[in-house]
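Take a look at the letters that make up each chain.
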Amino acid sequence: MTAKAPTVGVVSLGCPKALVDSERIITRLRSEGYQLSGSYEGADLVVVNTCGFLDSAKAESLDAIGEAIAENGKVIVTGCLGKEENLIRDAHPKVLEITGPHQYEAVVGAVHTHLPQVHDPKIDLVPEGGFRLTPRHYAYLKISEGCNNRCTFCIIPSIRGDLVSRPANAVLKEAESLVKAGVKELLVISQDTSAYGVDVKYAESKWKDRMVRAKFYDLCKELGDLGAWVRLHYVYPYPHVDEVVGLMAEGKILPYLDIPFQHASPNVLKAMRRPANQDKVLDRIKKWRQICPDLTIRSSFIVGFPGETEDDFETLLDFIEEAEIDRAGVFKYENVDGAPSRDLPGHVDQDDVDERYDRFMEVQTALAHQRLQSMIGKTVDAICDGWDEDAEAYAFRTKADAPEIDGVTYVDRDDEIAEGTIAKLEILGGEGHEMVGALVEE
């Protein structure tokens, strides 16, 4: 009689980069014969992959650790908050072991220690493309770790270190494997995607019958030949991004750029240690839209940064309108431990921060409504994310919509539509970030 395989539960918090870390841990554990559990009571041990970017994220992570201890009792902690072991130990002294971000070997080693398993190659199988926590039809593709930027509000470099790029052939091999396993959309992620390869001086590696440079443009070009949607996230607006917009115009990759501008006022950007030439950025955006008229730009912004004046904030509002930012996430400044911005003068009163956040959302909501109205009557390509129980309709995403963070188009149809189906939709109407569409019969 075969002994019951040990079972591990995984709680994954934070950004898509952390989700990829969780997927790699799960793939390794499954390859060794461990089973997965979707509940605390069904697991012999729980791994909590934490986020430590903002104080609010730290609080959420500590709560998740406490819940896992209360519900299960055997908990290993990993991820960004793992850098602050004393903080975790003070709150939860019963945690078995703590490791930092992307320390896969250390996590697996900790599982081996506290939940030993003997590998059986006859029954322990890993599907092509590994185990993923996303739906079968899309996957996050991490191309590097760490970041060389030193933004004053960010502690990521102190947590994840400087930029470390993966070899181009390793990224392409993973991407090809994912596509062969049924993935229809690749979401390219890192801390600074357009800096890919800078640390290795764009070193070449052999892929198929040719050498490929570890460079942003070269990688995008190769990914565009795999037959899947390719969506770019966390792209800093370096000059060579212009070349990639050309690939979008050719239909090689999706006409979508996720660029974290963070602000538009030169004074605030200088305090953030970020590029501060607003007029040049606006000119480049206009150029991008000339090259690729269908381009969608998503960005993230911070309101209430130390020293931000009312004039600075008005400059930000003017920017998102003039730049026609299609999708925007806005964050209230948090005074994160370890961030240089804590020591800056002119911290903004919380009531003013809250008021500016509300005003930003009003402007962004109005812009989103205008764009939605301009979509009505158009026919667009969209990918099906499956049946939405709450909406009682099929949920689709257009090329302008990334999963989880952007809009959804609902289609009411009696016939079953498989997840990952790419179809043409006519946009019939909608409100906010939700549209209603109908399949166009071909």
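Here is what the cut-offs are and how they apply
Residues numbered from 1 in each chain as written. Predicted model: local features only at pLDDT ≥ 70, side-chain atom pairs only at ≥ 80, totals over all residues. Heavy atoms only, no water. Pairing = 2+ DSSP bridges. Helix = DSSP H or I, 4+ residues; strand = E, 2+ residues; numbered from the N terminus. Buried < 20%, exposed > 50% of the residue type's maximum accessible area, 1.4 Å probe, protein only. Contact = heavy atoms within 4.5 Å. Expected span 1.5 Å × (residues − 1). Arc of directions from axis to C-beta. 1 Å grid on protein atoms, 1.4 Å probe; cavity = no way out; pocket = protein on both sides within 12 Å on 5 of 7 lines; lining within 4 Å. Points joined across faces, edges and corners; volume = space filled by probe spheres on them. Nonpolar A, V, L, I, M, F, W, Y, C, P; charged D, E, K, R; others polar. Salt bridge = Lys/Arg side-chain N within 4 Å of Asp/Glu carboxyl O. Core = buried A, V, L, I, M, F, W, Y, C linked by side-chain atoms within 4.5 Å.

Caption draft 1: Broad picture of the sheet that holds strand β1 (residues 7–12). Strand order across the open sheet formed by 5 strands is β2-β1-β3-β4-β5, with parallel pairing between neighbours. At either margin of the open sheet sits one strand with a lone partner, and together these are β2 (35–37) and β5 (97–98). Relative to β5, strand β4 (residues 75–79) runs parallel, the two being bridged by 2 bridges. Paired with Val77 across the bridge in β5 is Ile98.

Caption draft 2: Representation of unusual backbone geometry within the structure. Even without glycine at this site, Tyr202 takes up a positive phi of about 55°. Checked against the element boundaries, Tyr202 lands in the loop between β9 (185–189) and β10 (204–207). Overall, Tyr202 belongs to the partly exposed group, its relative accessible area being 29%. Its identity as a non-glycine residue notwithstanding, Tyr234 has a phi of 55°, on the positive side.

Caption draft 3: Quick look at the environment of Met435. Here Met435 is to be found in strand β20 (residues 434–439). Once the C-alpha coordinates of Met435 and Gly407 are considered, the two residues, 28 residues apart in sequence, prove to be 7.7 Å apart. Once residues within four sequence positions are removed from consideration, Met435 is found in contact with Leu372, Met375, Thr398, Val408, Thr409, Tyr410, Ile427, Gly429 and Gly430.

Caption draft 4: Representation of helix α11 (residues 310–322) in the model. Taking 1.5 Å as the rise per residue, α11 with 13 residues should run 18 Å; its terminal C-alpha atoms sit 18 Å apart, in good agreement. Turning to α11, its buried residues are Asp312, Phe313, Leu316, Leu317, Phe319 and Ile320. Buried positions in α11, seen along its axis, are confined to an arc of 160° and lie on one side of it. Of the residues flanking the end of α11, it is Glu324, one or two places downstream, whose phi is positive at about 55°.

Caption draft 5: A look at the layout of surface pockets. In this structure, the largest pocket spans a volume of roughly 1,400 Å³. If you trace the largest pocket, you find 49 residues lining it, with Cys15, Lys17, Phe53, Tyr234 and Phe331 closest to the centre. Every element with two or more residues in the lining of the largest pocket is listed here: α1 (16–31), α2 (55–71), β6 (138–142), α5 (156–160), β14 (296–303) and β15 (327–332). Along the lines of polarity and charge, the residues of the lining of the largest pocket split into 28 nonpolar, 12 polar and 9 charged.

Caption draft 6: Representation of the environment of Glu23. Mapped onto the elements of the fold, Glu23 is located in helix α1. Each C-alpha atom, one on Glu23 and one on Ser300, is 26 Å from the other, the two residues being 277 residues apart in sequence.

Caption draft 7: Representation of α1 within the structure. With 16 residues, α1 extends 22 Å between its outermost C-alpha atoms, agreeing within 8% with the 22 Å of an ideal straight helix rising 1.5 Å per residue. All of the buried residues in α1 are Pro16, Lys17, Ala18, Leu19, Val20, Asp21, Ser22, Glu23, Ile25, Ile26, Leu29 and Arg30. A positive backbone phi angle near 100° is found at Gly33, which sits one or two residues after α1.

Caption draft 8: Summary view of the pattern of salt bridges. One pass over the full model with this rule turns up 30 salt bridges. The salt bridge partner of Glu85 is Arg89, with a shortest N-O separation of 3.4 Å. Taken together, the residues span about one helical turn, with Glu85 and Arg89 both in helix α3 (residues 85–91) at a distance of 4 residues. For Glu85, a relative accessible area of 36% translates into the label partly exposed. Note that Lys399 is salt-bridged to Asp381, the shortest N-O span being 3.5 Å. Of the two residues, Lys399 sits in the loop between β17 (393–398) and β18 (408–411) while Asp381 sits in strand β16 (residues 379–388), which places them 18 residues apart along the sequence.

Caption draft 9: Expanded view of the nonpolar core. Grouped together as the largest cluster of nonpolar side chains are 52 residues, with contacts concentrated most on Leu232, Leu257, Phe319, Ile320 and Phe360. If you look at the next biggest cluster of nonpolar residues, it comprises 17 residues, including Leu13, Ala43, Val48 and Leu62.

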